[in-house]
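What the coordinates show
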Amino acid sequence: MKTDYFMNKTIWFISKYCTPEKKKIAGSRGWYLIKEFSNKGYQTVLISSVLKNTNNKINPKFKFKNYKKDGVKIILLKTLNYSIRKSMKRIFSWLDFELKLFFLDKSILPKPNVIIISSLSILTILNGIFLKNKFNCKLVFEIRDIWPLTLVEEGNFSKKNPFIFFLKYLEKFGYKKADFIVGTMPHLKLHVNNILGYNKSVNCIPMGVSDNLLKNKEDISSEYIQKYLNPNFFNILYVGSIGITNALDTLFKTAEILSGNFKIKFVIVGDGYLRDHYIKKYKHLSNLIFAPKVHKNKVQSVLSYANVLYFGTYKSKVWKYGQSLNKLIDYMISAKPIIASYSGYQSMINEANCGFFIPAEDPNLLAKTIIKITKIKKSKLNIIGKKGRNWLLQNRKYNKLADDYLKILF
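Residues numbered from 1 in each chain as written. Predicted model: local features only at pLDDT ≥ 70, side-chain atom pairs only at ≥ 80, totals over all residues. Heavy atoms only, no water.

1. Here's the deal with empty space enclosed by the protein
Here the idea is plain: a probe the size of a water molecule rolls over the atoms and shows the empty space left. A complete count under the given rule lists two cavities of 30 Å³ or more for this structure. Quantified by volume, the second largest cavity comes out at close to 50 Å³. The wall of the second largest cavity is formed by Ala-26, Asn-212, Leu-213, Asn-216, Lys-217, Lys-296, Asn-297 and Gln-300. A per-class count over the lining of the second largest cavity returns two nonpolar, four polar and two charged. (1 Å grid on protein atoms, 1.4 Å probe; cavity = no way out; pocket = protein on both sides within 12 Å on 5 of 7 lines; lining within 4 Å. Points joined across faces, edges and corners; volume = space filled by probe spheres on them. Nonpolar A, V, L, I, M, F, W, Y, C, P; charged D, E, K, R; others polar.)

Structure (structure tokens):
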């Protein structure tokens, strides 16, 4: 039940990349949290940008869309579009968002008690600090991706790059000025305290399970199943983007090692700028299948045809602080066992006991582990997979995560 006390508390959630839920479009983590805050009686505001292909109509005079959905007041700013993630145009899009956020008429919004600044873009913390002082409110610096560490470790940026120096200063400045620091990764505190040089409280609010994911499931076509997901094989599935950060080289090398085992198929479902490169490089492998990307609502249907799901990373300092990824949410909710090629702080899979961790970048060990898994009875693999789904439903529903978040804020 909503009370006057809660209705006097207002939370702003500001993130360039936060997608409100639509009929056939799943919302992002920030949307489900702010929606739950609204359900619990708080006044809520989401400020984000119009993302490509979302068909949001923008008032040409004001350059933003202003509407309300599920009790949340939403402001979507029109910003510069880009198609390549690793490009200067993406940075210019960040700057465009910050300028339009700074000049946005805040009088159309209720005065905030708390402002949550959620990366990316990390640049938004500057607007957050300004707004904190303007409204004399609490500021939350939420980290969903550790920048600039990720750029250095996985983007091949030099530590001496002036842009990296600027982002390191901005990161430290944000940690100092924030009233609360929240991360999606469970071991972020180690990183924050290392950057600051002193101990500061850091909380973890990870990725969660939305009702949209549980309800909006569409079946994949029989033609797709017949061509790519033949149940007569032991199918190792990877579903997601095909890029440098997805660390698929280990999986492909493993497919080469096991090319003589005609019972095992490696199925890659997705798209990305490296897809054509990998298809050309590994076209000689009959046990490796590249399947087309499917709509979000059909992902669970595709995953249901897997025997084991694959998740991998490179060896990187980024993973020292743990992970909380949408991919693992999708995987675990499918009730399929997971094999993770991962050298970092372990969470989720080990907590649920729903899969197998092996060190990253070791295709020989991955091949041996897959062979061992193929010898496990299907009924036992089903039990392992169901543990992941049950654990998620008990621990990662957004209603619970929102309660955990509110305990930090008020």
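From this point, things continue past the structure.
2. Observations concerning the sheet that holds strand E3 (residues 64-69)
Whenever strands of a sheet pair, they do so through backbone hydrogen bonds, lying parallel or antiparallel. The strand order across the open sheet built from eight strands is E3-E4-E2-E1-E5-E6-E7-E8, with neighbouring strands paired in mixed fashion. For this open sheet the edge positions go to E3 and strand E8 (203-204), each flanked by a neighbour on one side alone. Examined bridge by bridge, strand E1 (residues 10-14) and strand E2 (residues 43-49) share five bridges and lie parallel to one another. Its bridge partner lying in E2, Phe-13 is registered against Leu-46. (Pairing = 2+ DSSP bridges. Helix = DSSP H or I, 4+ residues; strand = E, 2+ residues; numbered from the N terminus.)

3. A closer look at a nonpolar patch on the surface
On the surface, a cluster of nonpolar side chains totalling about 380 Å² of accessible area is made up of Leu-80, Met-88, Phe-92 and Leu-95. Here Leu-80 is to be found in the loop between strand E4 (72-77) and helix H3 (88-103). Among the residues examined, Leu-80 registers a relative accessible area of 36% and is labelled partly exposed. (Patch = residues over 30% accessible without salt bridge, like charges linked within 9 Å, V, L, I, M, F, W, Y side chains within 5 Å. Areas by Shrake-Rupley, 256 points an atom, 1.4 Å probe, with all protein chains shown as cover. Salt bridge = Lys/Arg side-chain N within 4 Å of Asp/Glu carboxyl O. Buried < 20%, exposed > 50% of the residue type's maximum accessible area, 1.4 Å probe, protein only.)

4. What about the environment of Ile-236?
Within the fold, Ile-236 resides in strand E9 (residues 234-239). Once the C-alpha coordinates of Ile-236 and Ala-402 are considered, the two residues, 166 residues apart in sequence, prove to be 34 Å apart. Not counting chain neighbours up to four residues away, the residues in contact with Ile-236 comprise Ile-264, Lys-265, Phe-266, Val-267, Val-308, Tyr-310 and Ile-370. (Contact = heavy atoms within 4.5 Å.)

5. A closer look at the sheet that holds strand E12 (residues 308-312)
Strand order in the open sheet made by the six strands is E11-E10-E9-E12-E13-E14, with parallel pairing throughout. In this open sheet, the two strands that pair with only one neighbour each are strand E11 (288-291) and strand E14 (355-358). In this sheet, adjacent strand axes meet at a mean angle of 25° when their direction is disregarded. In terms of strand pairing, E9 meets strand E10 (residues 264-269) through six bridges, oriented parallel. Residue pairing across strands places Val-239 opposite Val-269, the latter belonging to E10. Strands E9, E10, E11, E12 and strand E13 (338-341) of the sheet are contacted by helix H10 (residues 249-257), whose axis makes an angle of about 155° with E10. (Axes fitted to C-alpha atoms, helices over the stretch in contact; angles between N-to-C directions.)

6. Structural notes on the state of the cysteines
Under the criterion given, the structure shown has zero disulfides. In this structure Cys-18 is a free cysteine whose sulfur lies 18 Å from that of Cys-204, the closest cysteine sulfur available. Residue class for Cys-18 comes out buried when judged on its relative accessible area of 1%. Take Cys-354: it sits in no disulfide, and the sulfur closest to it among the cysteines is that of Cys-204, at 17 Å. (Disulfide = S-S within 2.5 Å.)

7. Side note on the side chain of Ser-341
You can see Ser-341 is positioned in strand E13. You can call Ser-341 buried: its relative accessible area is 1%. With residues up to four places along the chain from it excluded, the contact list for Ser-341 reads Thr-250, Tyr-310, Phe-311, Gly-312, Thr-313, Ile-358, Pro-359, Ala-360 and Glu-361.

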